Amino acid sequence: MENRDVPPGPYRATKLWNEITTSFRVGMPLRKHRQHFKKYGNCFTAGEAVDWLYDLLRANSNFGPEVTRQQTIQLLRKFLKNHVIEDIKGKWGTENLDDNSQLFRFPTSSPLKTLPRRHPELRRNSIENFSKDKDSIFKLRNLSRRTPKKHGLHFSQENAEKMNCEIIDEDQENVADNREISQKDVEEVWRYVILIYLQTILGVSSLEEVINPKQVIPQYIMYNMTNTSKHGVVILQDKSDDLPHWVLSAMKCLANWPRSNDMNNPTYIGFERDVFRTIADYFLDLPEPLLTFEYYELFVNILGLLQPHLERVAIDALQLCCLLLPPPNRRKLQLLMRMISRMSQNVDMPQLHDAMGTRSLMIHTFSRSVLRCAEEVDLDELLAARLVSFLMDHQQEILQVPSYLQAAVEKHLDYLRKGHIKNPGDGVIAPLPTYSYCKQISAQEFDEQKVSTSQAAIAELLENIIKNKSLPLKEKRRKLKQFQKEYPLIYQKRFPTSESEAALFGDKPTIKQPMLFLRKPKFRSLRY
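Cut-offs and rules
- Residues numbered from 1 in each chain as written.
- Predicted model: local features only at pLDDT ≥ 70, side-chain atom pairs only at ≥ 80, totals over all residues.
- Heavy atoms only, no water.
- Phe/Tyr/Trp six-rings, centres within 6.5 Å; stacked < 30°, edge-to-face > 60°.
- Helix = DSSP H or I, 4+ residues; strand = E, 2+ residues; numbered from the N terminus.
- Buried < 20%, exposed > 50% of the residue type's maximum accessible area, 1.4 Å probe, protein only.
- Lys NZ or Arg CZ within 6 Å of the ring centre and 35° of its normal.
- Polar contact = N/O pair within 3.5 Å; in protein donor to acceptor, adjacent residues only side chain to side chain.
- Contact = heavy atoms within 4.5 Å.
- Axes fitted to C-alpha atoms, helices over the stretch in contact; angles between N-to-C directions.
- Left-handed = near helix turned anticlockwise from the far one by under 90°.
- Pairing = 2+ DSSP bridges.

Turning our attention to the packing of aromatic side chains. Applying the stated criterion across every chain yields a total of 14 aromatic pairs. Ring centres of Phe24 and Phe106 lie 5.5 Å apart, and the angle between their planes is 75°; on these two criteria the pair is classed as edge-to-face. Of this pair, Phe24 sits in helix α1 (residues 12-27) while Phe106 sits in the loop between β4 (103-105) and α4 (120-128), and the two are 82 residues apart along the sequence. Across this residue pair, the class does not change: Phe24 and Phe106 are buried. Put simply, the rings of Trp17, Phe24, Phe44, Trp52, Phe79 and Phe106 pair up and form one aromatic cluster. Above the face of the Phe495 ring, Arg494 is positioned so that its terminal group lies 4.9 Å from the ring centre.

The following block contains the structure:
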């Protein structure tokens, strides 16, 4: 099935719903089935629907290979509830659907959802108070030649210190006296610069359909940029907004498992599951997701950049968007992503679920705590899972403080102070990020690079096992034997001979003695 891109804009989740339901309705195979001694035409079983939709979602770049079979069943239940499908007797409106041989069919009515229209008066009022000159923020005259196409881009900082000579001449003398910069001016510059960078990175001509400028609170950005630890985690002045001490202790316990210094209490069988359940209950009980309800449309629109050739663009866009969060939310997001990223990569982590791996469990458990809409949206779970998966893999880059943003703001304030510009939103004075085009590769080259990257990661895992001095010798032998069984080629490349393997443990290579050669006796004939 063709994977069509849904362009950025409002109500993107609804557009994705319409795309998936249309693809399912057009592509799902229909045939005759027999049930209770009766034949039914143009229908399908629930199991067949799960198989087909599961493959469709995993191949769709908006959702990706992290989609689970259980999530596919949940989506089909929503299809039944919203009359995208109905059972063979025409019943719908419930979520009574399982992965079995129950028969379903498509109704004659259209499954598409209508897009709500924004009232033009409300839309105008949301913008007019932010800036008298709307074009200076959203439709910049000097930005059109800098705005790249959406495909094949990567971020570059090499021109970050170059100034725009077309706008200002540094050699001019008798510059106007320095003017006083108010706190309001500083805040407006922060708001202005981050919106310009976000618009440039996303490659859109306008941000007004994605984010309301009133939602950008400069105080949050300034706090998130400056009040950080040496690891880049936000430090809160008001400790009442921080995570409770018992939650922090539990998160440190699992993040550093099994070498945690905070948990001196004796453990028991199932201890780590109880600790994980405690953390999950806290985040699931939060009244609002960590990315907040008001930024839902913004993050959902960035989800459409989450493709291999646009990975760098998605990282840079998410890096800026996460700076918009209230400081307590950003801190909780940072600590949560650090914990689940470490847990999913920890080979010593005990099994926390009987039927689900650690990575899948992390995504399934915390996705709704990170992203969801104020009004229940049918694709919330799949969209949130896709975003959490990407955040886990790139949390260190996305949640760090971008140094180029601070430099751009200081440059802009300097020109405002010297009188080169009169208002914080005038002109494109601050150096903007530049983009260059990537070389497009074939699908075969992409698959080869993906395999080589995966093999490099597995080889690195082998090296970690070899160099881990805290592992007992018996445990190290067991892990290496298991690794050899799972990845024989990589293991053989690391240990090409028995001597190289024996050198790791200080043993002498085992040389098998040649088997005794017994000469077959000659039998003589009994005849003389």
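Right, let's talk about the side chain of Glu86 for a bit. Relative to the elements of secondary structure, Glu86 occurs in strand β3 (residues 86-87). Glu86 sits in the buried class, given a relative accessible area of 9%. A distance of 2.9 Å separates the side chain of Glu86 from the side chain of His83, its partner in a polar contact. Ignoring anything within four residues of it in the chain, the contact list for Glu86 reads Leu80, Lys91, Trp92, Phe104, Arg105, Phe106 and Pro107.

Bringing the packing of helix α8 (residues 271-284) against helix α11 (residues 327-345) into the picture now. Two numbers describe how α8 lies on α11: the axes approach to 13 Å, and their chain directions differ by 145°. Handedness of the crossing formed by α8 with α11: left-handed. Contacts from Phe276, Ile279, Tyr282 and Phe283 of α8 reach α11 at Lys332, Leu336, Met339 and Met343.

Moving on: the pairing of strand β2 (residues 38-45). Sheet analysis places strand β1 (residues 31-35) next to β2, joined by four bridges and oriented antiparallel. Residue Arg31 lies in a different strand from β2, and its bridge partner there is Cys43. The antiparallel hairpin formed by β1 and β2 contains two residues in its connecting segment, where His36 sits at a positive phi of about 55°.

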